[in-house]
Amino acid sequence: MRKIAATTLAIITPLAGAGASAAPAAAEVTPDRSQVVVIGHRGAAGHRPEHTQGGYELAVAMGADWIEPDLVPTKDHVLVVRHENEISGTTDVSLHPEFAARKTTKVVDGRNVTGWFTEDFTLAELKTLRAVERLPAIRQRNTVYNGYYQVLTFQEVLDLAKRLSRQYGRQVGVFPETKHPTYFRSIGLPLEEPLIETVKRNGLNRPGGPVVVQSFEPSSLKRVAKDLRVPLWQALGTTGQPYDLTAAGDPTTYADMMKPEGLAKIAQYAQWIGPDKSSAIPLNPDGSSGTPTTLVSDAHKAGLKIGVYTFRSENQYLPLQLRRGQVATDHGDALAEYRAHLDLGVDAFVTDYPDAAVLARGERGKPHKQVQPEQQFDNGLPEEGRQ
């Protein structure tokens, strides 16, 4: 445990100067894999329902360095932790007849969304709900925990991280994401102000501390940067552009942001970028791994660290050559995918399976053998499997 603690603190502390000077290009140094950050995506989402106390506790027990809460507001403007503000797929709200009339359709980031929304519930009302597995057809075993865990507030996640840090003798980072910040500001429930206030109230407003704020929207990060000294992480999608740029009439796309000139602009306000893993190692038309891009080395040349998302062990989320057997929801050779990204020099993994990421990070001198799949399976997925 002492060895893990030292590693984790070394990972968190350098963030203070991440944006101060350009990091060496990946090709110029041998990456120190022990410093790669393992981020429990919404907890340990492969093992427990997302954004639950049990998921966060398990992620840290498995060795995750940071845990990720997605932030959305309640009607009374408290930040709570859910994958989306529409909660029909992540809570048992549909089983509560007292809330049946609150089902509605809204336009969120230009899309029609139907369901129940956190901004229509007070915190006290949300606390009467219980979390459920978001992908039950893919992670059926997680459904045994349906109805067990409450919806958490951001403050409760910070408190949990503090307790887990004491329990495991290492600093546990918290990696909040502002979800749909332009939308929430437009309805009078902005995310940044309560986030900033909460971080300050907890004495966490410092560059080397255990909080890193992420968002897909640059304007959200820039608002945070005005009042907080914590590191910032610009998340990047695979298509289109951030919604705040759409709303402002700015034509800049995610692809533009990942070019060297775009990375230089990001480095003016953030210390990290967080692209989809396919932006570092694209997939060929047949689903197999393609030729790596220069994104990792380009980010390092711009003085940015790079963490890639989202690593999952199920066949349907893996490149063709790493799938095993005929069942889409069975697990494939996930460790090989981590190794490929480690070889590129990435600085962090966002993963549903922290245990696998920690194992891959700790490997020494393992052969990178490629094993062909025994048999291909139908890659047609239910809608929930494409999220």
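Residues numbered from 1 in each chain as written. Predicted model: local features only at pLDDT ≥ 70, side-chain atom pairs only at ≥ 80, totals over all residues. Heavy atoms only, no water.

A word on the packing of helix 12 (residues 334-344) against helix 13 (residues 354-362)
For the pair helix 12 and helix 13, the least separation of the axes is 9 Å and the interaxial angle reads 50°. Here helix 13 runs oblique to helix 12, going by the angle between their axes. Every pair of crossing elements has a handedness; the one defined by helix 12 and helix 13 is right-handed. Residues Leu335, Tyr338 and Leu342 of helix 12 pack against Ala356, Ala357, Leu359, Ala360 and Arg361 of helix 13. A per-class count over the contact of helix 12 with helix 13 returns 7 nonpolar, no polar and 1 charged. (Axes fitted to C-alpha atoms, helices over the stretch in contact; angles between N-to-C directions. Helix = DSSP H or I, 4+ residues; strand = E, 2+ residues; numbered from the N terminus. Parallel < 35°, antiparallel > 145°, perpendicular 65-115°, else oblique. Left-handed = near helix turned anticlockwise from the far one by under 90°. Contact = heavy atoms within 4.5 Å. Nonpolar A, V, L, I, M, F, W, Y, C, P; charged D, E, K, R; others polar.)

What about the pairing of strand 6 (residues 111-115)?
Summarising the sheet, strand 5 (residues 104-108) and strand 6 pair through 5 bridges and their orientation is antiparallel. Of the residues in strand 6, the one forming a bridge with Val108 is Arg111. (Pairing = 2+ DSSP bridges.)

Digging into the environment of Pro181
For Pro181, the position within the fold is in helix 5 (residues 181-186). Here Pro181 is in contact with Leu191, Glu192, Ser215, Glu217 and Ser220, once residues within four sequence places are set aside.

Here's the deal with the pattern of salt bridges
Two side chains of opposite charge can pair, provided their charged atoms sit close to one another. Applying the stated criterion across every chain yields a total of 21 salt bridges. Salt-bridge contacts for Glu84 lead to Lys179; the nearest nitrogen and oxygen are separated by 3.7 Å. With a gap of 95 residues between them, Glu84 in the loop between strand 4 (79-81) and strand 5 and Lys179 in the loop between strand 8 (177-178) and helix 5 connect regions that are remote in the sequence. A relative accessible area of 22% means that Glu84 is categorised as partly exposed. Across the salt bridge formed by Arg185 and Glu192, the nearest N and O atoms sit 2.8 Å from each other. Owing to a relative accessible area of 27%, Arg185 belongs among the partly exposed residues under this scheme. Residue classification places Glu192 among the buried positions, given a relative accessible area of 2%. (Salt bridge = Lys/Arg side-chain N within 4 Å of Asp/Glu carboxyl O. Buried < 20%, exposed > 50% of the residue type's maximum accessible area, 1.4 Å probe, protein only.)

Some remarks on the nonpolar core
Grouped burial of nonpolar side chains is what soluble globular proteins tend to show. One finds Ile67, Ile273, Tyr338 and Phe349 to be the most contacted residues of the largest nonpolar core, which totals 79 residues. At 7 residues, helix 4 (residues 154-168) tops the list of elements feeding residues into this core. Sequence-distant contacts of Tyr338, defined by excluding residues within four places in its chain, comprise Phe311, Phe349, Thr351, Tyr353, Ala356, Ala357 and Ala360. In this structure, Ile39, Trp66, Trp233 and Tyr309 belong to the second largest nonpolar core, which totals 11 residues. (Core = buried A, V, L, I, M, F, W, Y, C linked by side-chain atoms within 4.5 Å.)

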